[in-house]
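The lines below spell out each chain.
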Amino acid sequence: MAMLELNNVHAFYGNIHALKGISIEVNEGEIVTLIGANGAGKSTTLKTISGLLKPRTGSITFEGEDLTIFPAHDIVYKGIALVPEGRGVFAKLTVIENLDMGAFSRTDREGIAADLDRVMTLFPRLEERRKQIAGTLSGGEQQMLATARALMAHPRLLLMDEPSMGLAPVLVESVFETIQEINQEGTTVLLVEQNAHMALQVADRGYVLQTGEIVLKDTAKGLRDNEEVQKAYLGME
Amino acid sequence: MVKSWDIDLRIPLRFGLIAGLIALMESVIGIVTLSWERSLVANVVTMGQVLLFAPAIVIASMAAKQANQDKKLVSLLYGLVTGFLTAIPLIILIAMATAFDLRQFMPNVSPALIELLTFGRSPVAGSLILLGVTSLMGLLAAAFDFLPKFIQRPLLMGLIVTLTIGIFSEILSNRLRDLVSVDFSRAIFEGKALKTIIAAGLFAFVAVLNFLWNQFQEPIRGAFGSLPPRLTRVLRVLVILVLIALGLLIPTIAGTYLSEVINNVGIFVLMGLGLNIVVGFAGLLDLGYVAFFAIGAYSMAVFTTEGPLGVSNMSFWAAIPFCIVIAAFAGIVLGVPVLRMRGDYLAIVTLGFGEIIRILALSDLLKPYIGGAQGVLKIPKPTIINFFAVIRDFFVNLFRGLPLPKAPFETIDLIKPEQFYYIVLAGCALAWFVSWRLGESRLGRQWMAVREDEDVAEAVGIKLVSTKLLAFAVGAAFSGLSGAFFASKLTSIFPHSFKLDISINVLCLIIIGGIGSLPGVVVGSIILVGMPELLREFKEYRLLMYGILLVVMMLARPEGFIPSAVKRREMLTADEQMQASAETESAAGD
Ligand SMILES: Nc1ncnc2c1ncn2[C@@H]1O[C@H](COP(=O)(O)OP(=O)(O)O)[C@@H](O)[C@H]1O
Ligand SMILES: [Mg+2]
């Protein structure tokens, strides 16, 4: 049984049919990526998993437990943390306060301290800027902070929504390196990306989403070699 | 950075016209005439003079600062021209008033006003004198800026303190008469003003004190910092004890009238602390906050009244918990429908809720229970056991071998404002303590997260529903307690005491004080509730001052008088950003 299973999930915004029966599996220890064009439904998929949007039909299970019955604020207690699209940090709070908030769901002081050390080693930039207001960080630093904030909940599954969006090419590379590092430390990652090129390099497997439907699923290598994917998402002729 | 090496006459022109228009407006609405004879310092300066000439002085100084720093002549010129121009609108007014009778349109443009604007001379001679006076003031204001900062600041401080004491001379002299003696009061005050010599002494004293403080602040702070921590802790406890003692002594020092004013301030402090939780901590804009004040007041009223509407003969003390619980419950009832709303929508809905409560109180529907427009009368004042007498009797009887005092003990009614003060003080202290503890608690963190970003808050595992409802409930509870005090203090309440302006007043006072800051609530209440009360002699003009204060405050200090830590940081970073961008700009210019 996979860690996370979406089975024939349909989701709506009013009467906009955003997800048309998608099924996704994420196994423990993997990096799975969900690629697709703008508006394909990638963010919607993550919102449905994290409880911000309830699927109309279909099931979502995490480690065998039905997720759809839980409100969004309970999902984090199950071990799933979301790094939302467009950063998602408390802009007026300092770096350290943001990280502190990230551990809101926990009460184990030692564990929190250990995770704080861990994210600070992962992102030395944040260590230097402990007392800085999050809103005044650069885009790349805010992305680091959002990821670090999510890691402070000590999730077993990390959902990341376009972490490379709007970053300079140099930074993009380091974002993906960090994702690999986080994964190697034992966190499973579901990564949503428009930057299919990079995503398919770090991922184990991938799904291609098109207007709310999964049109392809394969190993990352399989997708990289797929002609249609090359044409549509990797910009190769 | 503006680099104006040349003289730009548009600057003093603009500033001068603004100053002139302010002075003109003050004259036309009549406040200058009203306060012309009202001395602040006997035979030296009156309130009217301050009001009339303050624009010239303050704005000329602002204009002078626009000149490049090392161009002293330019800044003098700016000051002079600004001062000169300030008089122009007034002179036009003098000319028009001499030619026509303006009182049809502007009832306050009286011969008395013209006479004082022309210093009792002919229109032409008077206008010239006025022109000379404002020009000179502009010039002096510009020159004042050449003084080094360490001299400027003490002089300003001395001036402000002396004039403020001058304004409140009447109240202060009455208190001194009661507390010390008539002769002492007469030695310091003359009529409604400070005596000249005393004012000079006070000015010098404050200036010197401020000078010394500025000079030796650092070493003193350093010395305190290097004291052993145990000693600093002892000192801190001592300071707190002194503050408590002072708090307990206030009614004795303040007397009946001032105690009444302080009680009104306290009732607003209590409400302010509650709204501060809702708006300041949790970021939920509530414009119907008066509703909970009304609910608390009506609960106290019907539970305790001796009139026909009473439902029980509860004492003040027994009713208090009910008032708090009922108001908190009402907070939750309002909270549920507005949970999904944000910002402006929330403000509108809560506004409606506030009005609904007032209209319900007025309605025929509830008239049999809460009296409609006739309100609820005969609400008793609180009664407490006379501990002092009981303890005294205990010891006296102990020595004499008489039976010791037993329940029911002797009681006293807290009728006088000086007595009621302690109830208000206790309520405020409790609310302060609860706010402070909650602010630091886990719930406080939840409120902060919800205020900053609801979506991220939810993502880190915060329950929006209970977090928001708790903010509404706690805020409403404080307001309900405040309303309960209010009802008992007035002994009768009517629906028209619970209008929208109370909600707005409370919101303004927490903004002026510094949103999210507890000391800010107190400062805001003193300024917006206490001051207008003390300045009653200025009639409706005090509302104008109130409005001006709000505008000036929001322009000059948008973070409030005593900003909370988060707000202060935000402002600091904004400043730093400006500084940083200015630096890059100048670097790019090189
Ligand atoms: N809050 C919303 N209300 C209505 N429609 C929405 C909303 N969010 C997204 N959609 C629609 O749902 C579809 C999928 O959007 P989204 O999941 O954000 O795409 P992606 O993340 O892949 O770019 C789009 O057609 C989008 O217009
Ligand atoms: Mg998206």
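Basis of the calculations
Residues numbered from 1 in each chain as written. Chains lettered and ligands numbered in written order. Predicted model: local features only at pLDDT ≥ 70, side-chain atom pairs only at ≥ 80, totals over all residues. Heavy atoms only, no water. Helix = DSSP H or I, 4+ residues; strand = E, 2+ residues; numbered from the N terminus. Rg over C-alpha atoms; globule rule 2.2 N^0.38 Å. Buried < 20%, exposed > 50% of the residue type's maximum accessible area, 1.4 Å probe, protein only. Contact = heavy atoms within 4.5 Å. Areas by Shrake-Rupley, 256 points an atom, 1.4 Å probe, with all protein chains shown as cover. Lys, Arg positive; Asp, Glu negative; His and termini not counted. Charge placed at Lys NZ, Arg CZ, Asp CG, Glu CD. 1 Å grid on protein atoms, 1.4 Å probe; cavity = no way out; pocket = protein on both sides within 12 Å on 5 of 7 lines; lining within 4 Å. Points joined across faces, edges and corners; volume = space filled by probe spheres on them. Nonpolar A, V, L, I, M, F, W, Y, C, P; charged D, E, K, R; others polar. Buried area = accessible area lost by both parts, 1.4 Å probe. Salt bridge = Lys/Arg side-chain N within 4 Å of Asp/Glu carboxyl O. Polar contact = N/O pair within 3.5 Å; in protein donor to acceptor, adjacent residues only side chain to side chain. Domains from an automatic or database assignment. Donors = N, O, S within 2.8 Å, 3.2 Å for Na, K, Ca; no water. Near = heavy atom within 4 Å. Pairing = 2+ DSSP bridges. Core = buried A, V, L, I, M, F, W, Y, C linked by side-chain atoms within 4.5 Å. Expected span 1.5 Å × (residues − 1). Axes fitted to C-alpha atoms, helices over the stretch in contact; angles between N-to-C directions. Left-handed = near helix turned anticlockwise from the far one by under 90°. Phe/Tyr/Trp six-rings, centres within 6.5 Å; stacked < 30°, edge-to-face > 60°.

1. A closer look at the overall build of chain A
Each helix and strand counted, chain A has ten helices and ten strands in total. Against the 2.2 N^0.38 benchmark of 18 Å for 237 residues, chain A shows a C-alpha radius of gyration of 17 Å, consistent with a compact globule. Seen through its C-alpha atoms, chain A measures out along the principal axes to roughly 45 × 45 × 35 Å. Counting only residues that meet the buried cut, chain A has 54% of its 237 residues in that class. In chain A, the share of contacts with a sequence separation of at least 24, taken over all contacts with a separation of at least 6, comes to 67%. Here chain A has roughly 10200 Å² of accessible surface; of this, 48% comes from carbon and sulfur atoms. Between the averaged position of the 22 positive side-chain charges in chain A and that of its 32 negative side-chain charges there is a distance of 5 Å.

2. Structural notes on the layout of surface pockets
Empty space among the atoms becomes visible once a probe the size of a water molecule is rolled across them. In this structure, the second largest pocket encloses a volume near 980 Å³. Counting residues per element, the ones that place at least two in the lining of the second largest pocket are helix 3 (95-102) of chain A together with helix 11 (229-281), helix 17 (417-440), helix 18 (442-452), helix 22 (518-534) and helix 24 (565-589) of chain B. Here the residues of the lining of the second largest pocket are counted per class, giving 16 nonpolar, nine polar and eleven charged.

3. Section: empty space enclosed by the protein
Evaluation of the coordinates by the stated rule reveals one cavity of 30 Å³ or more. Of the volumes computed, that of the largest cavity is approximately 30 Å³. Lining the largest cavity we find Val 76, Ala 81, Leu 82, Gly 102, Arg 149, Ala 150 and Ala 153 of chain A together with Ala 459 and Val 460 of chain B. Of the residues that constitute the lining of the largest cavity, the class distribution is seven nonpolar, one polar and one charged.

4. Quick look at the interface of chain B and chain A
Across the boundary between the two partners, chain B contributes 20 residues, which contact 21 residues of chain A. Of the roughly 2000 Å² buried between chain B and chain A on both sides combined, carbon and sulfur atoms contribute 64%. Joining chain B to chain A, the criterion identifies one salt bridge. Here Asp 100 of chain A ties to Arg 445 of chain B by a salt bridge, and the two come within 3.5 Å at their closest N and O atoms. One can count three residue pairs in polar contact (both at pLDDT 80 or more) joining chain B with chain A.

5. Topic: the pattern of salt bridges
A side chain of one charge can pair with a side chain of the opposite charge when the charged atoms of the two come close. Within the structure shown, the criterion is met by 25 salt bridges over all chains. Its salt-bridge partner being Glu 141 of chain A, residue Arg 125 of chain A comes within 3.1 Å of it at the nearest N-O pair. One end of the pair, Arg 125 of chain A, is in helix 5 (residues 124-128); the other, Glu 141 of chain A, is in helix 6 (residues 139-151), with 16 residues separating them in the sequence. Its relative accessible area of 5% is what places Glu 141 of chain A among the buried residues. Among the salt bridges present, the one from Glu 170 of chain B reaches Lys 192 of chain B, with a minimum N-O distance of 4.0 Å. In this pair, Glu 170 of chain B is assigned in helix 8 (residues 169-179) and Lys 192 of chain B in the loop between strand 3 (189-190) and strand 4 (193-194), connecting sequence segments 22 residues apart. The exposure class assigned to Lys 192 of chain B is partly exposed, which follows from its relative accessible area of 38%. Taken together, the salt bridges that share partners define one network made up of Arg 106, Asp 108, Asp 115, Arg 118 and Glu 185 of chain A.

6. Here we look at the domain arrangement of chain B
Where interface size is quoted, it is often the accessible area lost as the parts come together. When its domains are assigned, chain B resolves into domain 1 (1-146), domain 2 (148-217), domain 3 (235-381 + 413-531) and domain 4 (560-590). Summarising the inter-unit geometry, the C-alpha centres of domain 1 of chain B and domain 3 of chain B are found 44 Å apart.

7. Details of the coordination of the magnesium ion (ligand 2)
All names here are of chain A. Around the magnesium ion (ligand 2), the protein contributes the donor atoms Ser 43 (OG) and Glu 85 (OE), at 2.0 to 2.7 Å from the metal centre. Of the two residues, Ser 43 is situated in helix 1 (residues 42-49) and Glu 85 in the loop between strand 6 (80-83) and helix 3; the sequence distance between them amounts to 42 residues. Here Ser 43 falls in the buried class, since its relative accessible area comes to 16%.

8. Digging into the site of ligand 1
Residues and elements named next belong to chain A. Looking at ligand 1, the residues that line it are Tyr 13, Ile 16, Ala 18, Ala 37, Asn 38, Gly 39, Ala 40, Gly 41, Lys 42, Ser 43 and Thr 44. At 3.0 Å, a backbone N or O of Gly 41 approaches an oxygen atom of ligand 1. Residue Ser 43 places a side-chain N or O atom 2.7 Å away from an oxygen atom belonging to ligand 1. Burial of ligand 1 by the protein amounts to 62% of the accessible area it has alone, namely 560 Å². Looking at the shell around ligand 1, the elements with two or more residues in it are strand 2 (16-26) and helix 1. At three residues, helix 1 tops the list of elements feeding residues into the shell around ligand 1. For the shell around ligand 1, the per-class residue count stands at five nonpolar, five polar and one charged.

9. Some words on unusual backbone geometry
Residues and elements named next belong to chain A. The phi dihedral of His 154 falls on the positive side, at around 50°, and the residue is not glycine. Here His 154 shows up in the loop between helix 6 and strand 7 (157-161). Relative accessible area serves as the criterion here: at 45%, His 154 is assigned to the partly exposed category. The phi angle at Thr 211 is positive, at roughly 35°, despite the residue not being glycine. Mapped onto the elements, Thr 211 comes out in the loop between strand 9 (205-210) and strand 10 (213-219).

10. Brief notes about the pairing of strand 6 of chain A
Residue and element names in this part refer to chain A. Burial along strand 6 is two-sided: the face carrying Ile 80 and Leu 82 and the face carrying Ala 81 and Val 83 are both buried. Strand direction decides the pairing type here: strand 6 and strand 7, joined by four bridges, are parallel. Note on strand 7: the bridge partner recorded for Val 83 is Met 160.

11. Observations concerning the nonpolar core
Core analysis: the largest hydrophobic core is formed by 79 residues, its most contacted members being Phe 485, Ile 493 and Phe 498 of chain B. What Phe 485 of chain B contacts, discounting residues up to four positions off in sequence, is Ile 267, Leu 270, Phe 316, Ile 320, Phe 420, Ile 423, Val 424 and Gly 427 of chain B. By size, the runner-up hydrophobic cluster in this structure holds 44 residues, among which are Ala 81, Ala 150, Val 172 and Val 208 of chain A.

12. As for helix 1 (residues 10-29) of chain B
Residues and elements named next belong to chain B. Between its first and last C-alpha atoms helix 1 spans 28 Å; for 20 residues at 1.5 Å apiece the expected length is 28 Å, and the two agree. What helix 1 keeps buried is the set Ile 11, Pro 12, Phe 15, Gly 16, Ala 19, Gly 20, Ala 23, Leu 24, Glu 26, Ser 27 and Val 28. The secondary structure elements touched by the buried residues of helix 1 are helix 2 (31-35), helix 3 (47-65), helix 4 (72-99) and helix 5 (111-117).

13. Notes on the domain arrangement of chain A
All names here are of chain A. The domain boundaries assigned to chain A delineate domain 1 (4-79 + 155-233) and domain 2 (91-154). Counting residues at the interface gives 14 residues for domain 1, matched by 13 residues for domain 2. For the pairing of domain 1 and domain 2, the buried interface totals around 1100 Å² over both sides, and the portion due to carbon and sulfur atoms is 69%. Contact with domain 2 buries area across many residues of domain 1, yet Tyr 77, Pro 155 and Glu 185 alone supply 35% of it, more than any other trio. For the pair domain 1 and domain 2, the interface holds one salt bridge. With a closest N to O distance of 2.7 Å, Glu 185 and Arg 118 form a salt bridge.

14. Observations regarding the pairing of strand 4 (residues 57-62) of chain A
Residue and element names in this part refer to chain A. Two elements, strand 1 (residues 4-13) and strand 4, share five bridges in a ladder whose sense is antiparallel. When the sheet's bridge partners are listed, His 10 is paired in strand 4 with Thr 57. The antiparallel hairpin formed by strand 4 and strand 5 (residues 65-66) contains two residues in its connecting segment, where Glu 63 sits at a positive phi of about 50°.

15. Observations concerning the packing of helix 1 of chain B against helix 4 of chain B
All names here are of chain B. Interaxial distance between helix 1 and helix 4 falls to 7 Å at its minimum, and their mutual angle equals 40°. Along this stretch, helix 1 crosses helix 4, giving a crossing that reads as right-handed. The residues of helix 4 that touch helix 1, namely those facing Ile 11, Pro 12, Leu 13, Phe 15, Gly 16, Ala 19, Gly 20, Leu 21, Ala 23, Leu 24, Ser 27 and Val 28, are Tyr 78, Val 81, Thr 82, Leu 85, Thr 86, Pro 89, Leu 90 and Leu 93. Split into classes, the residues belonging to the contact of helix 1 with helix 4 amount to 15 nonpolar, five polar and no charged.

16. Let's talk about the packing of aromatic side chains
All names here are of chain B. Taken as a whole and judged by the stated rule, the model has 14 aromatic pairs over all chains. Seen from their ring centres, Phe 293 and Phe 486 are 4.9 Å apart, and the 50° between their planes marks the pair as tilted. One end of the pair, Phe 293, is in helix 12 (residues 290-304); the other, Phe 486, is in helix 20 (residues 464-490), with 193 residues separating them in the sequence. Each of the two residues, Phe 293 as well as Phe 486, counts as buried. When the ring of Phe 486 is compared with that of Phe 498, the centres are 5.9 Å apart and the planes differ by 70°; the resulting orientation is edge-to-face. Of this pair, Phe 486 sits in helix 20 while Phe 498 sits in the loop between helix 20 and helix 21 (500-513), and the two are twelve residues apart along the sequence. Residue Phe 486 shares its accessibility class with Phe 498, and that shared class is buried.

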